[in-house]
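One letter stands for each residue in the lines below.
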Amino acid sequence: MQIRPEEITNIIKNQLEKYESKIELTEVGQVIQVGDGIARVYGLEGCMSLELLEFPGSVFGVALNLEKDNVGVVLMGDDKGIKEGDTVKRTGRIISVPVGDELIGRVVDPLGQPLDGKGPISTTKFRPVEIKAPGVVDRSPVKEPLQTGIKAIDAMIPIGRGQRELIIGDRQTGKTAVAIDAIINQRDSGVICIYVAIGQKQSTVAKVVKTLEEHGAMKYTIVVSAGAAEPAPLLYIAPYAGCAMGEEFQFAGKHVLCVYDDLSKHAVAYRQMSLLLRRPPGREAYPGDVFYLHSRLLERASKLNEKLGGGSLTALPIIETQAGDISAYIPTNVISITDGQIFLEANLFFAGVRPAINVGLSVSRVGGNAQTKAMKQVAGKMKLDMAQYRELAAFAQFGSELDKTSQDQLNLGRRMEEILKQGQYTPFDVADQILVIYAATNRFLDDIAVADVSKFEEGLIKFTDISYAAVKKEIKEKKVLSDDIKKTMDKAILEFKATFKK
């Protein structure tokens, strides 16, 4: 076999031409302490706040404490495989989540990983979980209603697109039910919904997903689930992740509804992390920045101006109270951040008034701006009437004799209370709401027995659907009650009333 020098020369030349000098620089540190889901890392001088750090065994952590000689990291997974002396790599990425249309209809964890067994989510877009909220110049006033389909809310405590309305109450008073009803009611409105479950049992989340599927709401909903068994850091980033997913649609000019269920558990998870990171505790052992924890999340809910596409993100945070105490630390914090609250009372719930909304303590600071003119016309006095009725009813329990005016107020209040009762997952159309509230406030129900009010309401809606469909259409289109429409409504109610009594 003959060796050819020119062949060897060519091979060496080719290899020299293709040779590339690749130097990869990665800043690494060492674990100096680990335990309770917290790691302290030495040697990451350039590390950024909220940066993702990679630990052995593909476990990621988020840098929260940037101290002089070490970095305090909360781990997003199990810390059992991590030990002292392990190498930690910087990723150079602030914690971010996948976003886009591909997430709609899916159940994901706070990092955007699927939990529903429907295969991987093929999206290439990512957004950081924390961004600065839009400034005053970028916003426009809240003036477009977000219909929940719940009569008591749409009439007395209206929610507008871009608003932050708190749902507050004791456990088992129907807080989640109100939020789920609001999601179901967005069926034909084009609003994309995001339900963030923080610290909920897996069975509860599965039940919510099943309900949404049964009502066809999963077609426009993303469910972000950080279960009760997940580590505290996942519970901490869950609402921010849900908000980031919603902002992708908001900045594309769409309308989004975000439900955070619930922020009490979110604050507890943050307290756990902060205490383990040795941050100084304050009132009720919460860290000093627990107000900022929720304010920076809820400030991201906004209605953008036309230059930015006019999209909106409406937030419905949920807070659980203990024995109805709304003056506790976290409830008062969130009440002061939001644009109003819907207070659900246990006593009303057990008395059969559902949704159990306490009208006196509930408020919408956007008010009539988030209502159509037609709804304002029929429900203007309703909130005051209901609040007066509740006070009068409490006084009447003592058995004292009442004058005729008070008796009339009680009779009207009882019928209004019946009208505002509503079954779960049965949202009402706006025109139907206006019709039944109009009938109640204009004293058409005074001679109907209280026990028959709900039957009367049901029959009236069916009757007008058949005989007076044009009026409902007109109410929806014109969004204002003209004298002609009022006359037709009077006629329709009286006509049905005549048949109902028979």
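About the thresholds
- Residues numbered from 1 in each chain as written.
- Predicted model: local features only at pLDDT ≥ 70, side-chain atom pairs only at ≥ 80, totals over all residues.
- Heavy atoms only, no water.
- Helix = DSSP H or I, 4+ residues; strand = E, 2+ residues; numbered from the N terminus.
- Buried < 20%, exposed > 50% of the residue type's maximum accessible area, 1.4 Å probe, protein only.
- Contact = heavy atoms within 4.5 Å.
- Areas by Shrake-Rupley, 256 points an atom, 1.4 Å probe, with all protein chains shown as cover.
- Lys, Arg positive; Asp, Glu negative; His and termini not counted.
- Charge placed at Lys NZ, Arg CZ, Asp CG, Glu CD.
- 1 Å grid on protein atoms, 1.4 Å probe; cavity = no way out; pocket = protein on both sides within 12 Å on 5 of 7 lines; lining within 4 Å.
- Points joined across faces, edges and corners; volume = space filled by probe spheres on them.
- Pairing = 2+ DSSP bridges.
- Axes fitted to C-alpha atoms, helices over the stretch in contact; angles between N-to-C directions.
- Core = buried A, V, L, I, M, F, W, Y, C linked by side-chain atoms within 4.5 Å.
- Polar contact = N/O pair within 3.5 Å; in protein donor to acceptor, adjacent residues only side chain to side chain.
- Nonpolar A, V, L, I, M, F, W, Y, C, P; charged D, E, K, R; others polar.
- Phe/Tyr/Trp six-rings, centres within 6.5 Å; stacked < 30°, edge-to-face > 60°.
- Expected span 1.5 Å × (residues − 1).

Draft legend 1. Fine view of the overall build of the chain. Looking only at helices and strands, one finds 16 helices and 16 strands in the chain. In the chain, buried positions account for 52% of the 502 residues. Long-range pairs, those at least 24 residues apart, make up 73% of the contacts in the chain between residues at least 6 apart in sequence. Taken as a whole, the chain presents about 24000 Å² of accessible surface, with 53% of it coming from carbon and sulfur. Where the 63 positive side-chain charges of the chain centre and where its 64 negative ones centre are 4 Å apart.

Draft legend 2. Seen up close, the layout of surface pockets. If you add up the space inside the largest pocket, you get close to 920 Å³. Contributing to the lining of the largest pocket are 33 residues, with Gln 172, Gly 174, Lys 175, Thr 176 and Ala 177 lying nearest its centre. Counting only elements with at least two residues in the lining of the largest pocket, the list comes to helix 3 (175-184) and helix 4 (202-214). For the lining of the largest pocket, the element with the most residues is helix 3, which contributes six residues. Taken as a whole, the second largest pocket encloses approximately 570 Å³ of empty space. Along the walls of the second largest pocket sit 24 residues, with Gln 147, Asn 185, Asp 429, Val 430 and Lys 476 positioned nearest its centre. Going through the elements one at a time, helix 13 (430-441) and helix 15 (469-478) are the ones with two or more residues in the lining of the second largest pocket. When residues of the lining of the second largest pocket are assigned to their parent elements, the largest contribution, four residues, is made by helix 13.

Draft legend 3. Looking closely at the sheet that holds strand 8 (residues 107-108). One open sheet holds the eight strands; their spatial order is 8-12-11-13-14-10-15-16, and the pairing between them is mixed. Two strands in the sheet have a free side with no partner beyond their single neighbour: strand 8 and strand 16 (363-364). Where strand 13 (residues 255-261) lies against strand 14 (residues 312-320), six bridges are found, and the strand directions are parallel. Bridge pairing in strand 14 links Val 259 to Leu 316. Lying over the sheet, helix 4 contacts strand 8, strand 11 (191-198) and strand 12 (221-226), oriented at roughly 175 degrees with respect to strand 12. Relative to strand 11, helix 5 (residues 232-250) is tilted by about 175 degrees, and along the sheet it contacts strand 8, strand 11, strand 12, strand 13 and strand 14.

Draft legend 4. Seen up close, the nonpolar core. Counting residues in each nonpolar core, the largest one holds 74 residues, and the members touching the most others are Met 156, Ile 183, Leu 212, Leu 481 and Met 489. Top element by residues in this core is helix 13. It accounts for seven residues. Core analysis: the second largest hydrophobic core is formed by 59 residues, Ile 198, Tyr 270, Leu 313 and Ala 315 among them.

Draft legend 5. Region of interest: the pairing of strand 4 (residues 59-66). Of all eight residues that make up strand 4, six are buried, and the element is covered over most of its length. Bridge count for strand 3 (residues 51-55) against strand 4 is four bridges, and the pairing is antiparallel. If you follow Glu 54 over to strand 4, its bridge partner there is Phe 60. The hairpin turn running from strand 3 into strand 4, its antiparallel successor, is three residues long, and Gly 57 in that turn takes a positive phi close to 80 degrees.

Draft legend 6. A look at the sheet that holds strand 2 (residues 38-42). What the six strands build is a closed barrel, ordered 1-2-5-4-3-6; its pairing is antiparallel. Across the sheet, the mean angle separating the axes of adjacent strands is 45 degrees when strand polarity is ignored. Across five bridges, the pairing between strand 1 (residues 28-35) and strand 2 is antiparallel. Within strand 2, the position partnered with Gln 30 by the bridge is Tyr 42.

Draft legend 7. Quick look at the side chain of Glu 51. Here Glu 51 shows up in strand 3. Within the structure, the side chain of Glu 51 is placed 3.0 Å from the backbone nitrogen of Met 48, a separation counted as a polar contact. A polar contact is formed between the side chain of Glu 51 and the backbone nitrogen of Gly 92, at a distance of 2.8 Å. Look past the residues within four positions of Glu 51 in its chain and what remains in contact with it is Gly 46, Gly 61, Val 62, Ala 63, Arg 90, Thr 91, Gly 92, Arg 93 and Ile 94.

Draft legend 8. Layout of empty space enclosed by the protein. Applying the stated criterion across every chain, the model contains two cavities of 30 Å³ or more. Lining of the largest cavity is provided by Ala 152, Met 156, Val 353, Arg 354, Pro 355, Ile 357, Val 359, Met 386, Arg 390, Glu 417, Leu 420 and Lys 421. Elements supplying a minimum of two residues to the lining of the largest cavity: helix 2 (151-156), helix 11 (382-396) and helix 12 (404-420). Here the lining of the largest cavity is built from residues that sort into eight nonpolar, no polar and four charged. In this model, the second largest cavity occupies a volume close to 70 Å³. Taken together, Pro 145, Leu 146, Gln 147, Asp 154, Pro 158, Ile 159, Ala 370, Gln 371, Thr 372, Met 375 and Val 430 make up the lining of the second largest cavity. When its residues are assigned to classes, the lining of the second largest cavity shows seven nonpolar, three polar and one charged.

Draft legend 9. How the structure looks around the packing of aromatic side chains. Here the structure, examined in full by the defined rule, presents ten aromatic pairs. Aromatic side chains Tyr 286 and Tyr 329 sit 5.9 Å apart centroid to centroid with 55 degrees between the ring planes, which places their arrangement in the tilted category. Placement of the pair is Tyr 286 in the loop between helix 6 (263-276) and helix 7 (290-298) and Tyr 329 in helix 8 (residues 329-337), with a sequence separation of 43 residues. Of the two residues, Tyr 286 and Tyr 329, neither departs from the other in class, the shared state being buried.

Draft legend 10. Quick peek at helix 12. Given a rise of 1.5 Å per residue, 17 residues ought to cover 24 Å, and the 24 Å separating the end C-alpha atoms of helix 12 matches this to within 8%. Buried within helix 12 are the following residues: Ser 406, Leu 410, Leu 412, Gly 413, Arg 415, Met 416, Glu 417, Glu 418, Ile 419 and Leu 420. Looking at the buried side of helix 12, the elements it contacts are helix 2, helix 11, helix 13 and helix 14 (453-467).

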